Amino acid sequence: MGEMIQVRDGRELIIRSAIPGDGQRVYDFMYALGDSTDRLLTHPGDMRTVEQYESSITQIAQGGFYSLCAIDPETDAIVGNAAFYPGSRVKIAHAAGMVLGVLPQWQGCGLGVWLLNRSIEDMRKNPKILRLDLLVMDGNDHAKKMYERVGFKVEGHREKAVRQPSGELCGEYMMGMWIGNGNTTNE
């Protein structure tokens, strides 16, 4: 089930939407990702539960969540993920917040850009979503440049917005991308 892709270094991955039963896989991925860097908000000390991840996955069918998984066929583990959370209030329902992550051993082979481009393409097909938003922590320059290359723009910077477990304070960039079709005012 899913689509098989090959990344630049020749490794193959299964790409598919998260499905019911993936809660543990998503939890394991998020834990490993958060443990691999301090430049993401994900941290092993404040993980959601497997049941909470599973609950988000069940919202995919109703359009309340989007999750595109890259799965290593050798281990059956999620190694990359792009997710969108549509706004939950009337005035922001046209915008979706994005998170993207790739485990270190799968970075540098084009997987992050592939997931990013495919998920943006999928969001463009959703007539309710006109805008994409994301946050990038200071020091995550590779991710910031990747987002800029596909069309996200820096729309602001929040100083000392994140406090690391070590006590270090760092900022984060607010980035956005308009994907709407022009049928609104005040663009």
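Details of the structure are given in the entry above.
Residues numbered from 1 in each chain as written. Predicted model: local features only at pLDDT ≥ 70, side-chain atom pairs only at ≥ 80, totals over all residues. Heavy atoms only, no water.

> An account of the environment of P73 is needed here, citing residue identities and associated values.
Its location among the elements puts P73 in the loop between β3 (66-72) and β4 (77-86). Exposure remark for P73: the relative accessible area of 39% places this residue in the partly exposed category. Sequence separation of P73 and L13 is 60 residues, and the distance between their C-alpha atoms is 6.2 Å. Among all residues touching P73, those that are not within four sequence positions of it are E12, L13 and I14. (Helix = DSSP H or I, 4+ residues; strand = E, 2+ residues; numbered from the N terminus. Buried < 20%, exposed > 50% of the residue type's maximum accessible area, 1.4 Å probe, protein only. Contact = heavy atoms within 4.5 Å.)

> Pulling in residues and values, what's your account of the pairing of strand β5 (residues 95-102)?
With six of its eight residues buried, β5 lies for the most part within the structure. Pairing between β4 and β5: seven bridges, direction antiparallel. Looking at the pairing, G80 lines up with V102 of β5. Direction of pairing for β5 relative to strand β6 (residues 131-137): parallel, over a ladder of three bridges. Among the inter-strand pairings, G97 is bridged to a residue of β6, identified as D133. (Pairing = 2+ DSSP bridges.)

> A description of the nonpolar core should follow, citing residues and the corresponding values.
One broad rule of soluble globular proteins: the nonpolar side chains tend to lie buried together. Ranked by size, the top nonpolar core spans 44 residues in total, and within it L111, L115, L132, Y147 and F152 carry the most contacts. Those residues within four positions of L132 in sequence are excluded, and the remaining contacts are F84, A96, I120, M123, F152, M175, G176, M177 and I179. (Core = buried A, V, L, I, M, F, W, Y, C linked by side-chain atoms within 4.5 Å.)

Take it as geometry only, folks, not as evidence of what the structure does.
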